[in-house]
Amino acid sequence: MGIKTTAFGFPKIGKNRELKKYVEGYWKGEITKDEMYTGLEKVNEERFEFLKKGDLDLVPSNDFSVYDFILDISTMIDVIPDRFRNIQDDTDRYFAMARGSENAIACEMTKWFDTNYHYIVPELTGNFRLIKNRPLDSYRWAKERGIETKPVITGPFTYIYLGKVYERQEGSLLMNMVRSSESKKFRPMVLSLAKVYNEILKELQSEGVKAVQLDEPALVLDITEQDVDTLLEAYRILTDGIDKTEIHLHTYYESLDNFEKIVFSLPVTGIGLDFVVNDENLENLKRYGFPGDKKLIAGVVSGRDPWKTDYRKVLDQLETIGRYVSEDRLILSNGSPLFHLPVTTESEKGFLDKNLLKMLSFASERIDELRILKEIINEGKEVPDQNLEEIRSIFVNEDVKKAVKEIENVEIKREDDFRERYRSQMELLGLPKFPTTTIGSFPQTKEVRQVRAKFRRGEITEAEYEEFIKDQIKKAVKIQEEIGLDVFVHGEFERTDMVEFFGEKMEGFAFTKNGWVQSYGTRCVRPPIIYGDVSRPEAMTVKEIVYAQSLTNKPVKGMLTGPVTILNWSFYRKDIPKKEIAFQIALALKEEVLDLEKAGIKIIQIDEPAFREGLPLKKRKQEDYLRWAVKAFRLTNHTVKKTTQIHTHMCYSEFNEIIEWIYQMDADVISIEASRSKGEIIQAFEDFNYDHGIGIGLYDIHSPRIPSVDEMLEIAERTVKVIDKNLVWINPDCGLKTRGWEETIPALKNMVKVAEILREKYGSSLKL
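Source: prediction; values computed, not measured.

## Re the environment of Glu-348
Part 1 of the reasoning: Locating Glu-348 in the fold gives a position in the loop between strand S12 (330–334) and helix H12 (354–357).
Part 2 of the reasoning: For Glu-348, a relative accessible area of 0% gives the class buried.
Part 3 of the reasoning: On a C-alpha basis, the gap between Glu-348 and Gly-163 in space is 39 Å, while along the polypeptide they are 185 residues apart.
Part 4 of the reasoning: If we skip the residues at most four places from it in the chain, Glu-348 touches Leu-357, Phe-362, Thr-512, Lys-513, Asn-514 and Gly-515.
Part 5 of the reasoning: There is a polar contact of 2.6 Å between the side chain of Glu-348 and the backbone nitrogen of Lys-513.

Structure follows, in C-alpha cells:
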C-alpha cells in the first residue's frame, strides 16, 4: 500500500499578492464586495492547482482566509464583541473586528506563537454557538470543482488558549489570557467549545467527509497535567458520534512534552508531529513507541525555512520512524504551516544567484518534495544528488567569523548607569516632561512607492531619486513642526521594509523578486535570506538622518532595526547557531551606530519588535535565547557616549514574562504598544519596578480610525499611576508607514494634546 502524503497551510496571498489587491480594493471602494469575493475565489483556485501538482493523498481545504484564520473561527462561532454587533453586513463586521471602525476599536492583534504572523485575539465570554460552518462550506466549494479534501480547523484547545477575557482590575477593564493558572474559565470554555466542534464535525460527517485536520499547536507549549486532562475530556466530547470521519490532530513548531499521555490517550485517528524543528519528537517515539491504532502524520519537510529538504537525512529519519509505525499508517507532511513561506521559487529564476537558488524551496517546492519522497519510498526511485554542503561552503567569510569569536565570552554593557545617562541626555536635549515622538516611519504614499519602483527599474537616475527622498523628508519635518512633536524622525521614505532595507546594504543577505509572506491581513513582507556571513561595507542611514537634522533644531532620531529582529524576520541559515548570526548582524549595526553618533545624532532608536517572538516555546530553552538576544542588542550600542540616548521599540507581544530581560537590554527608552490591549501591557511594569524611559503607544496605527483625545488620555493616565512621570514618553504604538496623511496628522495632533493635558496637570519640567 505504501506511505501517503498530505500538506496544509499553503500561502493564502496568491503568487502575486492578489489577495492584497482584491481586499484593499474593496476597502478603498474601488471594487464591490462581489468583485472582491470573485477575485479571491480565483486566488484559492490557483492554490489548489499548486496542491494538485504534488499528487497529495489528502488535500487540505478551509485553510484559505480573507484576513485571519482565527478571526474566521471567531465569526463562525459567534465570538463577536458587542461593539461590532450593530454592523449588519457580515463582511464589514469581519473587517471592522480586524481593523476597527469609526465607532469601535479593533480587536487586539498579537504574534502567532514564535512566528511573524499576527492573529486577531478572540475576546471570549464563554458563549459559543455555530452560526456558519466554514469548513463545510469550504469542503463543498472544493467538491464542486472535483476535489476531495480534508477540512483544516484550529482546534478548540488552542483557540481558547490564545483567547482573552475582559476582567475588571483596580477599576479598569482589562483583557487577560484565559490560560492563566489562576483562571477557572479555561476548562469550562474548552469543553463548551468542544460541543460546538462536535456539531461542526457531525455536519461534515453527514456530508461524507473522510478526514478532518484539527490543529493544536498550543499542545507543544508548557501545558500542565490539568490542561492535558481538559484536552482529553474536550476530545471525548468533540469526537462523540464521529465514527465515519477520521480526525487527525496536528501539533507543530516544537516537540510534544506530554507525549505518552496525549498520543496514546487522545480519541483521534491520527497524530501530527513536527520532525523538522528538532530531534525531540523522534526521541519520544523511540522512548514511548506509537499506538497501533493511530496514524502518524510525520512533518518531515519544513514549513518555516526556505532551505531545500535534505532527502537522505529525511530518509534516515523515516527509517527510524518505520520501526514504530508501519507504512500503511504513515502519512508524510510539512512540519508546520506552509504560509510562512513564499509561494514558489519560479519567479526567482534568473534573479537570484544560481548557487543560492539550488539551495531553496518555497511552498510549492515543498509539495514537490513530498511527492519525491513518496516516489523514493513507494516506487524505489533514485535519491536526487543535492550537494548542499558543497554549495554552502562558497559563502563563508573568515574575518566575520573571527570577530564573533572574539566577543563570544566577553561581557557587553554600557559604562554609565541609566540615571546618570538619562539626566545628561535630557539636559542636553532640552525636552519637557512627557516628550512626544513617533516610532519612525511616516505614510508611504502611492507617489513614494511609484517613484521608488521607477528608480529600481532604472527609469530615473539616482540623483533624481535622492532629490525626491530629500523633498519627502523636508515635508515630513515641516509637518512635525506644525503638529508640535518634541522629537522628530526623518520618515523612512527611502525604505521599503525595516528589515529588507538593512539587509540590502549588508553582505550575506539575498533578496527575492517575489518572495512575499503574509504578516497579517493584507500586509505582506519579503523576508531577506541570510545565506552567508554578515558584514557592513559602508554607512547605511547616515545621509538621510543628517539631512533631516539639518532642517530643524528639534532632535531627529537615527532609526535602525535591531539585530534580533533582522534575524527573526529573515530566513536565516541553519548551518551555524542562531546566536552567531545575531552577533554578526550586531557588529555590523554597531559600526552604523557609531557613525550616526559621530555625525551629531543624539538619539538613536534600535527597534526590536521581534525580540519576544524569537523566544523559544519551551521555558527550559528560553534563558539561553534571552541571554544572547540581550547581548546582541547591547553589542550594537555599548560603546556610545553617555549623552547619546538609545531607544528601542517593541510591539504586539506578551512581555510580562520577559520584562526582566527587557530591562537588561538597558535601552534608555523603550516604546511599547498599549492601545489594542487596552493598556494591559502596563501590568508588566506594575509588577516590575521598571525605572528606565517608557514610550506608551497610545493609539493603534493598524486601524484607519482617528483616536480621540479622551481614549488616549485614559491609557496615559493609567500609565502615570504606576510609572515615574519623568520617564514617560508619548507616542503611537508602531510606525505610520501603512497609514495615510489624512489619518496621521489629526491622530498625532490629538496625541500631542494628550501630552499638553498631562503637563498642565503634572507640570512640564523634568525632575531627575
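And the narrative resumes.
## Thoughts on the environment of Ser-265
Part 1 of the reasoning: Positionally, Ser-265 belongs in helix H9 (residues 259–265).
Part 2 of the reasoning: Under the relative-accessibility criterion, Ser-265 is labelled partly exposed at 38%.
Part 3 of the reasoning: Put simply, Ser-265 and Leu-232 are 33 residues apart on the chain and 7.3 Å apart in space, counted from C-alpha to C-alpha.
Part 4 of the reasoning: Residues contacting Ser-265, with those up to four places away along its chain left out, are Leu-232 and Glu-260.
Part 5 of the reasoning: A polar contact of 2.9 Å, which involves the side chain of Ser-265, links it to the backbone oxygen of Lys-261.

## Here we look at the side chain of Thr-115
Part 1 of the reasoning: By secondary structure assignment, the location of Thr-115 is in the loop between strand S3 (109–111) and strand S4 (118–120).
Part 2 of the reasoning: Only 3.1 Å separates the side chain of Thr-115 from the backbone nitrogen of Tyr-117, close enough to count as a polar contact.
Part 3 of the reasoning: What Thr-115 contacts, discounting residues up to four positions off in sequence, is Tyr-253, Arg-304, His-340 and Glu-613.

## Considering the sheet that holds strand S5 (residues 149–154)
Part 1 of the reasoning: The strand order S1-S12-S11-S10-S9-S8-S5-S2 describes an open sheet built from eight strands, whose pairing is parallel. With one partner strand each, in any of the chains shown, strand S1 (4–5) and strand S2 (59–61) form the two edges of the open sheet.
Part 2 of the reasoning: With three bridges connecting them, strand S9 (residues 246–250) and strand S10 (residues 270–274) associate as parallel partners. Looking across to S10, one finds that His-250 is bridged to Gly-272.
Part 3 of the reasoning: Across the sheet, helix H11 (residues 311–321) is in contact with strand S11 (295–301) and S12; its angle to S11 comes to roughly 160°.

## Brief notes about a negative patch on the surface
Part 1 of the reasoning: Taken together, the side chains of Asp-310, Asp-316, Glu-319 and Glu-389 define an acidic patch exposed on the protein surface.
Part 2 of the reasoning: Locating Asp-310 in the fold gives a position in the loop between S11 and H11.

## Re the packing of aromatic side chains
Part 1 of the reasoning: In total, this model carries 29 aromatic pairs according to the counting rule given.
Part 2 of the reasoning: When the centroid spacing of 4.4 Å and the interplanar angle of 0° are considered together, the rings of Phe-455 and Tyr-465 count as stacked. Of this pair, Phe-455 sits in helix H17 (residues 446–456) while Tyr-465 is found in helix H18 (residues 462–483), placing the two residues ten residues apart along the sequence.
Part 3 of the reasoning: The partly exposed category is assigned to Phe-455, whose relative accessible area is 29%.
Part 4 of the reasoning: We classify Tyr-465 as buried; its relative accessible area is 9%.

Parameters at a glance
By convention here, each chain's residues receive numbers from 1 onward along its written sequence. In keeping with the model being predicted, local features are shown solely for residues with a pLDDT of at least 70 and side-chain atom pairs are shown and tallied solely at 80 or more, while totals for entire chains, interfaces and linings include all residues. To get the side-chain values, all heavy atoms of the structure are used, and hydrogens and water are removed first. Labels follow the DSSP assignment, with helices taken as runs of H or I lasting at least four residues and strands as runs of E lasting at least two, numbered in each case from the N terminus. For every residue, the accessible area (1.4 Å probe, protein chains only) is compared with the maximum for its type, and the residue is labelled buried under 20%, exposed over 50%, or partly exposed between those bounds. Residue contacts are defined here by distance: any two heavy atoms, one from each residue, within 4.5 Å place the two residues in contact. The term polar contact refers here to a pair of N or O atoms within 3.5 Å; inside protein, the definition further demands a hydrogen-donor-capable atom paired with an acceptor-capable atom, and it admits residues adjacent in sequence only when both atoms are side-chain atoms. Strands are treated as partners if at least two bridges between them are detected by DSSP. To get an axis, fit a line to the C-alpha atoms, keeping to the stretch in contact for a helix; angles then go from 0 to 180 degrees between the N-to-C directions. Here, patches come from residues exposed beyond 30% relative accessible area and free of salt bridges, joined within 9 Å for like charges and within 5 Å for nonpolar side chains (Val, Leu, Ile, Met, Phe, Trp, Tyr). To measure how exposed things are, a 1.4 Å probe is used in the Shrake-Rupley method; for residues, cover is taken only from the protein chains shown. Basic side-chain nitrogens of Lys or Arg form a salt bridge, by our definition, when they fall within 4 Å of a carboxyl oxygen of Asp or Glu. Here Asp and Glu are counted as negative and Lys and Arg as positive; His is not counted, and neither are the chain ends. To locate a charge, take NZ of a lysine, CZ of an arginine, CG of an aspartate or CD of a glutamate. Stacked, tilted and edge-to-face pairs are distinguished by plane angle, under 30 degrees for stacked and over 60 for edge-to-face with tilted covering the rest, among Phe, Tyr and Trp rings (Trp via its six-membered ring) whose centres lie within 6.5 Å.

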